[in-house]
Amino acid sequence: MKKRIVLCLVLTLAMLLTVLAGCSGGGGRFSGNFKKATEEQKATAIKKIEKLVAAETAVKNNITLDGKAVNKKNMLFQATVKGSLTQDISSSASMTVRMDSKTVEKYDFTTAGAIKLYAKIDSNMEYSYKGLSKDEIKALKEAGIYGGGQKSSIEMFADTGNGEIYLSTKVPNSEGKDDVVKLCSEGFPKDQIEAYFQQDGNTTLSIEEILDVINDSVCLVSVDSRGNVKVSNIEDSDLEDLTYVVKFESDYDYSVQKKFKMKQGGMSLDCEITIIPTSDKVAPPSDKGNYEKTSITELGTAMIQALTGLKR
C-alpha cells in the first residue's frame, strides 16, 4: 500500500514537470500603465496580433507575407516551476516532495524552410520523510522511488529541415551516480518534431493563443501608451488570475508573458511563461559521434525516465 501511494505521488509530479512551465521572471519588460482599451484600440490591437500570427506562419512554412519575405528574429522561451506537496503515507508517516524545474527553449529561423530547436530542462526533486524508519526509507530507495528525478537534466536539439533529433539525458540512479543517455534519430516529419516542443493544454504559450482569447472569451483588454496589450479578467478560463501581456517589438517580432495560478495533484502553483525575441542561434551538439541512433519512441521513453527517475 505504501509503495502504491508513493508511486502515484511521483507519477503526479512527473506529469507536472512534463506539462508545466512557470515563473520565468519577465521583470519590467512587461510592465506598463495599462488602461481599459476603447473599441477602436481593441480593434487595432487585434489587427497587430493577427499580423504577428501571419508572420510566424509565413516563417514556419517558408512563404511570403503580402508578397514580401519575412525577416523575423529567433525566439527564446523561458520557464520555471516550483512547488511542494506533502503526502500522508499512514496516520503517523508522511513524505514531502519539493520540486524545482527550469526550462529554456530556443527557436532558430535562420535557415529558410527549416527550424532549428534547442531545449534544456533541469529538474530537481527533493524528498523528506516524517515518521518513517530507516528500513522503510531504504525500501523506498530499493523500489526506485526515493530520489527519483533528483537533479536530472534533458538537452535536446532538433532540425525540421533534415528531421534530425539529438537527445541527452542525465538521471541519478539509486547509488546517487548519474546515468547518462545520448540518443539520436533522423528522418522525422516537421510536425512530429515540433510536437516535442509544444505540449497541449493550458500550460503552453503562443501568440495565436492570445488572439483566440481576445476573440472568443469574455475578458478585459487594456493598452498602454505604446499600444502594448494586456488581457485579463478572463471569465471562461479554468486557470486562476490568467493574464497575458503582449509587447510589440516590431512588425514581425514580439514579447509575450502569461501568468496564472493553478492546482495540480494537490499542489497550488503560481506560474509564468515568457517568450522574447533573441539573436541567439541553435547548433547541434559538438559530440554527435557519441549519440546512439534509435527510434522516436525510445527518445520519448528516455525523456520520461529523465523527468521521473522511473525505469520502464
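As shown above, the structure is provided for reference.
What you see is a predicted model, and the numbers here were worked out from it, not measured in a lab.

S.K.: Give me the lowdown on the overall build of the protein, citing residues and values where you can.
M.R.: On a plain count of helices and strands, the protein comes out with 6 helices and 13 strands. Every one of the 312 residues in the protein was classed for burial, and the buried ones make up 48%. A sequence separation of at least 24 residues applies to 63% of the contacts in the protein between residues at least 6 apart. Accessible area for the protein stands at about 15,900 Å²; split by element, carbon and sulfur atoms hold 46% of it.

S.K.: Account for the environment of S217, with residues named and values stated.
M.R.: Inspection of the secondary structure puts S217 in the loop between α5 (207-216) and β8 (220-223). A C-alpha to C-alpha distance of 7.1 Å links S217 and E235, two positions 18 residues apart in sequence.

S.K.: Give a description of the pairing of strand β9 (residues 229-232) that names residues and reports values.
M.R.: Taken together, the 4 bridges between β8 and β9 define a ladder with antiparallel strand orientation. Its bridge partner being in β9, L220 is matched across the sheet by S232. Pairing between β9 and strand β10 (residues 240-248): 3 bridges, direction antiparallel. Along β10, the bridge assignment pairs V231 with Y244.

S.K.: Account for the pattern of salt bridges, with residues named and values stated.
M.R.: With the rule as written, the count across this model stands at 11 salt bridges. For D122, the salt bridge goes to K120, with nearest N and O atoms at 2.7 Å. Judged by relative accessible area, which is 32%, D122 ranks as partly exposed. Here K120 falls in the partly exposed class, since its relative accessible area comes to 26%. Overlapping salt bridges bring together E56, K72 and D253 as one network.

Cut-offs used in this document
- Note that residues are indexed from 1 along each chain, following the sequence as it is written.
- Side-chain atom pairs in this predicted model are given and counted only at pLDDT of 80 or more, local residue features only at pLDDT of at least 70, and totals for whole chains, interfaces and linings cover all residues.
- Values shown for side chains rest on all heavy atoms present in the structure; no hydrogens or waters enter the calculation.
- Secondary structure elements follow DSSP: runs of H or I no shorter than four residues count as helices, runs of E no shorter than two count as strands, and numbering proceeds from the N terminus.
- Working definition: with a 1.4 Å probe on protein chains only, accessible area under 20% of the residue-type maximum means buried, over 50% means exposed, and in between means partly exposed.
- Only heavy atoms enter the contact rule, under which two residues are in contact if any of them lie within 4.5 Å.
- Every accessible area reported is derived by Shrake-Rupley at a probe size of 1.4 Å, with residue values counting cover from the shown protein chains alone.
- For two strands to pair, DSSP has to find at least two bridges joining them.
- In what follows, salt bridge is the name for a side-chain nitrogen of Lys or Arg lying within 4 Å of a carboxyl oxygen of Asp or Glu.

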